[in-house]
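Analysis of the macromolecular model
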Amino acid sequence: QVQLVESGGGLVQPGGSLRLSCAASGSILSFNAMGWYRQAPGKQRELVAAIRSGGSLNYADSVKGRFTISRDNAKNTAYLQMNSLKPEDTAVYYCNVKQWSGRESWGQGTQVTVSS
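Residues numbered from 1 in each chain as written. Predicted model: local features only at pLDDT ≥ 70, side-chain atom pairs only at ≥ 80, totals over all residues. Heavy atoms only, no water.

On to the pairing of strand 3 (residues 18-24). With 5 of 7 residues buried, strand 3 is to be regarded as a mostly interior element. Here strand 1 (residues 4-7) runs beside strand 3; their pairing, made up of 4 bridges, is antiparallel. Bridging across to strand 3, L4 finds its partner in A24. As paired elements, strand 3 and strand 8 (residues 77-82) share 6 bridges and run antiparallel to each other. Pairing of R19 across the sheet is with Q81, part of strand 8. (Buried < 20%, exposed > 50% of the residue type's maximum accessible area, 1.4 Å probe, protein only. Helix = DSSP H or I, 4+ residues; strand = E, 2+ residues; numbered from the N terminus. Pairing = 2+ DSSP bridges.)

Here it is in structure tokens:
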């Protein structure tokens, strides 16, 4: 089981920025994909952004142009840079890893609150 540790959440005003980090216990080069999901109160968990092993990126329409997913292979860490944050971005953000075997791992979640 891959261990994932997230950090970087917090309270930010509308229009502000945050960067989330997800440190993995194994080499991220061995993963099929890494991604960020979020879940707001009363809503289903949804994909925010994902990066595949070959480097291809995928974003939810609601965050395109504002959020950027990246990774540092040497640090086994993925990042989510979030700019121009809106109140509707408020949610618990989860890091996710999909292995080639089909196994999935989730982080513990980090709260992001966008409010004035």
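For the coordinates displayed, the defined rule picks out 2 aromatic pairs. Ring centres 5.0 Å apart and planes at 65 degrees place the aromatic pair Y37 and W106 in the edge-to-face group. With Y37 in strand 4 (residues 31-39) and W106 in strand 10 (residues 104-106), this residue pair connects regions lying 69 residues apart in the sequence. On the basis of relative accessible area, W106 is assigned to the partly exposed category, the value being 34%. Following the ring pairs from residue to residue traces out a cluster consisting of Y37, Y94 and W106. The residue whose ring lies beneath R45 is Y94, and the NZ or CZ to ring-centre distance is 3.8 Å. (Phe/Tyr/Trp six-rings, centres within 6.5 Å; stacked < 30°, edge-to-face > 60°. Lys NZ or Arg CZ within 6 Å of the ring centre and 35° of its normal.)

The analysis is restricted to geometry; functional conclusions fall outside its scope.
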